[in-house]
Amino acid sequence: MKILCIGRNYSEHIRELGNETPEDIIFFLKPDTSLTKGNEDFYFPDFSSDIHYECEVVVKIDKTGKCIPVEYAKKYYSQIALGIDYTLRDIQSKYKEKGLPWTLAKGFDYSAPVSEFIMLNDLGKDIQNIDFTLKKNGQIVQQGNTAYMLHTVDEIISYISEFITLKTGDLIFTGTPKGVGPIQKGDILEAYLEGKPMLKQEIK
Ligand code: ZN
C-alpha cells in the first residue's frame, strides 16, 4: 500500500506559503508506516520544532489501474475519509531552500492519521462538492470545499496512473486548503466532513 499526496492543489494555500502555482500536478509519497488510525494521539517528535497540520480529503483506490483516462477514473474509488498530512515545516523549508528532496518532512512515522472511510454513495454528494473543516482547540482553522481544488480527483488519478500503477488500498491525500498552522503539545485537532466528526487527535 502506498500513500500519494498532492501538493499545491488549493490556490489560497499556495499563496499563504508564498509558493508558485505549478503547471503539472505535483505529488509526493509517504510510506505506509506514516499511516495511523485517526483517533490515536499524536506524539510530537523531538526532531522538529515546527510541525504543521494540513487537513485533507483522502480517497481510497478500489482496484488496480494504469493509464486510467480521466473519464474512467470514477470507477477506481468509492470511499473517502479525512486525513492530516503532518509536515515538519522547519525541515521542509531547510531542504526546499537547497533544492533537496524533503521526504523526511512528510514521511516520518505517524505523519498520516486517516479517519474511517465513508461511502460516497451514502454521502450522496459529488466528490467535487464536499465541505470539510478542521478545528484546533475548538476554533475553526481550516475550512475547505473540494470544489476549489485546482485539479479534480479524477484528473489526479488519471495523471498519477500514467507513471505509477495504482493498486487496491492505495490512498491519495488530495491537498490542503488555506489555514495550515503549527501544533503544540496539548492541542486538540478535530476534523469534520459535511459537519460529521471524523477524526480527533490530541497532541502529546
Ligand atoms: Zn498536504
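In case you missed it, the structure is sitting above this.
Here the structure is a predicted model, which means the values were calculated and not measured. (Residues numbered from 1 in each chain as written. Predicted model: local features only at pLDDT ≥ 70, side-chain atom pairs only at ≥ 80, totals over all residues. Heavy atoms only, no water.)

1. Quick notes on the pairing of strand β15 (residues 196–202)
Next, step 1: Bridge count between strand β14 (residues 188–193) and β15: six bridges; the pairing is antiparallel. Note that in β15 the partner of L193 across the bridge is K196.
Next, step 2: Counted along the chain from β14 to the antiparallel partner β15, the turn is two residues long, and its residue E194 has a positive phi close to 50°. (Pairing = 2+ DSSP bridges. Helix = DSSP H or I, 4+ residues; strand = E, 2+ residues; numbered from the N terminus.)

2. Details of the side chain of T146
Next, step 1: Along the chain, the position of T146 falls in the loop between β11 (139–145) and α5 (153–163).
Next, step 2: T146 sits in the buried class, given a relative accessible area of 1%.
Next, step 3: One polar contact links the side chain of T146 to the main-chain carbonyl oxygen of I127, over a distance of 2.7 Å.
Next, step 4: When neighbours within four sequence positions are excluded, T146 is seen to be in contact with Y10, V57, I127, Q128, N129, I130 and F132. (Buried < 20%, exposed > 50% of the residue type's maximum accessible area, 1.4 Å probe, protein only. Polar contact = N/O pair within 3.5 Å; in protein donor to acceptor, adjacent residues only side chain to side chain. Contact = heavy atoms within 4.5 Å.)

3. Side note on the environment of I188
Next, step 1: Note that I188 resides in strand β14.
Next, step 2: Between the alpha carbons of I188 and I14 there is a distance of 25 Å; along the sequence they are 174 residues apart.
Next, step 3: With residues up to four places along the chain from it excluded, the contact list for I188 reads K135, K136, N137, K200, Q201 and E202.

4. Overview of the side chain of T36
Next, step 1: Mapping T36 onto the fold places it in strand β3 (residues 35–37).
Next, step 2: Other than its neighbours up to four places away in sequence, T36 contacts Y110, A112, P113, V114 and Q201.

5. Notes on the packing of aromatic side chains
Next, step 1: Under the defined criterion, the tally for this structure stands at six aromatic pairs.
Next, step 2: Ring geometry for Y10 and F132: centres 6.4 Å apart, planes at 65°, overall edge-to-face. With a gap of 122 residues between them, Y10 in the loop between β1 (3–7) and α1 (11–16) and F132 in strand β10 (residues 131–136) connect regions that are remote in the sequence.
Next, step 3: Of the residues examined, Y10 reaches a relative accessible area of 4% and is grouped as buried.
Next, step 4: Grouping aromatic residues by their ring pairs yields a cluster made of F27, Y159 and F163. (Phe/Tyr/Trp six-rings, centres within 6.5 Å; stacked < 30°, edge-to-face > 60°.)

6. Thoughts on the environment of L120
Next, step 1: Position of L120 among the secondary structure elements: in helix α4 (residues 120–123).
Next, step 2: Distance from L120 to K135, taken between C-alpha atoms, is 23 Å for residues 15 residues apart in sequence.

7. Looking at the coordination of the zinc ion
Next, step 1: Coordination of the zinc ion by the protein comes from E54 (OE), E56 (OE) and D85 (OD), over a distance range of 2.0 to 2.1 Å.
Next, step 2: Look at where the donors of the zinc ion fall in the sequence and you get E-x1-E-x28-D. Of this pair, E54 sits in the loop between β4 (51–53) and β5 (55–61) while D85 sits in the loop between β6 (77–84) and β7 (87–88), placing them 31 residues apart in sequence.
Next, step 3: By relative accessible area, which is 5% here, E54 ends up buried. (Donors = N, O, S within 2.8 Å, 3.2 Å for Na, K, Ca; no water.)

8. Describing the pattern of salt bridges
Next, step 1: In total, this model carries nine salt bridges according to the counting rule given.
Next, step 2: Taking the shortest distance from any N to any O, the salt bridge between K106 and D85 comes out at 2.9 Å. Taken together, the residues K106 in helix α3 (residues 103–107) and D85 in the loop between β6 and β7 connect sequence positions 21 residues apart. For the pair formed by K106 and D85, the shared burial category is buried.
Next, step 3: The partner of E194 in a salt bridge is K125, and the shortest N-O contact between them spans 3.3 Å. With E194 in the loop between β14 and β15 and K125 in the loop between α4 and β10, the pair connects residues that are 69 residues apart, well separated along the chain.
Next, step 4: For E194, a relative accessible area of 29% corresponds to the partly exposed category. (Salt bridge = Lys/Arg side-chain N within 4 Å of Asp/Glu carboxyl O.)

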